[in-house]
Amino acid sequence: MTSPVVSSRDLPHPARDEIRLEGVLHALSDPMRLRIVRELAGASAELSCSDFELPVTKSTTTHHFRVLRESGVIRQVYRGTAKMNGLRRGELDALFPGLMGALLDAAARQDVRLGG
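Bear in mind the structure is a predicted one, so any value in this text is a computation, not a measurement.

Caption draft 1: Layout of the side chain of Arg 69. Tracing the chain through its elements places Arg 69 in helix α3 (residues 58-71). For the buried Arg 69, no salt bridge exists, and the shortest N-O distance to an oppositely charged side chain is 4.4 Å, to Glu 70. Of note is the side chain of Arg 69, whose polar atom sits 2.9 Å from the side chain of Gln 76. When sequence neighbours within four positions are dropped, the list of residues in contact with Arg 69 reads Leu 11, Pro 12, His 13, Pro 14, Ile 74 and Gln 76.

Caption draft 2: Representation of the sheet that holds strand β2 (residues 74-79). Ordered in space as β1-β3-β2, the three strands form an open sheet in which the pairing is antiparallel. The open sheet has two edge strands, β1 (47-48) and β2, and neither has a second partner. Pairing between β2 and strand β3 (residues 82-87): six bridges, direction antiparallel. When the sheet's bridge partners are listed, Arg 75 is paired in β3 with Gly 86. Together, β1, β2 and β3 form the strand contacts of helix α2 (residues 31-42), whose direction differs from that of β3 by roughly 80 degrees. Running at roughly 115 degrees to β2, α3 makes contact with β2 and β3 of the sheet.

Caption draft 3: Focus on the packing of α2 against α3. Contact geometry for α2 and α3: axes closest at 10 Å, N-to-C directions at 70 degrees. Judged by the angle between their axes, α2 and α3 are roughly perpendicular. The interaxial crossing formed by α2 with α3 has right-handed handedness. Side by side, α2 and α3 meet where Met 32, Arg 33, Ile 36 and Val 37 of the first sit next to His 63, His 64, Phe 65, Val 67 and Leu 68 of the second.

Caption draft 4: Expanded view of the packing of aromatic side chains. Per the stated rule, a full pass over the model turns up one aromatic pair. Look at Phe 52 and Phe 65: their rings are 5.3 Å apart centre to centre, the planes differ by 70 degrees, and that puts the pair in the edge-to-face class. Separated by 13 residues along the polypeptide, Phe 52 in the loop between β1 and α3 and Phe 65 in helix α3 bring together distant segments of the chain. Classification of Phe 65 by relative accessible area gives buried; the value is 3%.

Caption draft 5: Looking closely at the side chain of Ser 71. With respect to the helices and strands, the residue Ser 71 is situated in helix α3. The class of Ser 71 is buried, set by a relative accessible area of 10%. Apart from residues no more than four positions distant in its own chain, Ser 71 is found in contact with Pro 14, Ile 19, Gly 23, Val 24 and Ala 27.

Cut-offs applied
- Residues numbered from 1 in each chain as written.
- Predicted model: local features only at pLDDT ≥ 70, side-chain atom pairs only at ≥ 80, totals over all residues.
- Heavy atoms only, no water.
- Helix = DSSP H or I, 4+ residues; strand = E, 2+ residues; numbered from the N terminus.
- Buried < 20%, exposed > 50% of the residue type's maximum accessible area, 1.4 Å probe, protein only.
- Lys, Arg positive; Asp, Glu negative; His and termini not counted.
- Salt bridge = Lys/Arg side-chain N within 4 Å of Asp/Glu carboxyl O.
- Polar contact = N/O pair within 3.5 Å; in protein donor to acceptor, adjacent residues only side chain to side chain.
- Contact = heavy atoms within 4.5 Å.
- Pairing = 2+ DSSP bridges.
- Axes fitted to C-alpha atoms, helices over the stretch in contact; angles between N-to-C directions.
- Parallel < 35°, antiparallel > 145°, perpendicular 65-115°, else oblique.
- Left-handed = near helix turned anticlockwise from the far one by under 90°.
- Phe/Tyr/Trp six-rings, centres within 6.5 Å; stacked < 30°, edge-to-face > 60°.

Dropping the structure here:
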């Protein structure tokens, strides 16, 4: 059996069974990362990194996406020159039933409460 060819552009992601609750909660504890996840949750398809308008530097944005990917919250793949991002909602819901829905609902309620 031969091993699959891995491109230098393939990004490492944890396998579903390697995703840890504390890593997910840490990733979602930052307001910018939560904002990214909320946008992905509301999107009908993957979004490129350039689709996000975050009030931080490009290097900080890259860091936030890396934390989300390494914690297992998002999947990133290259499509041509664009890095596409998708929420791993199905996997997260299977591992932690109700967690993502509760977090996204709580974030929306907080926005209303704080006038955001």
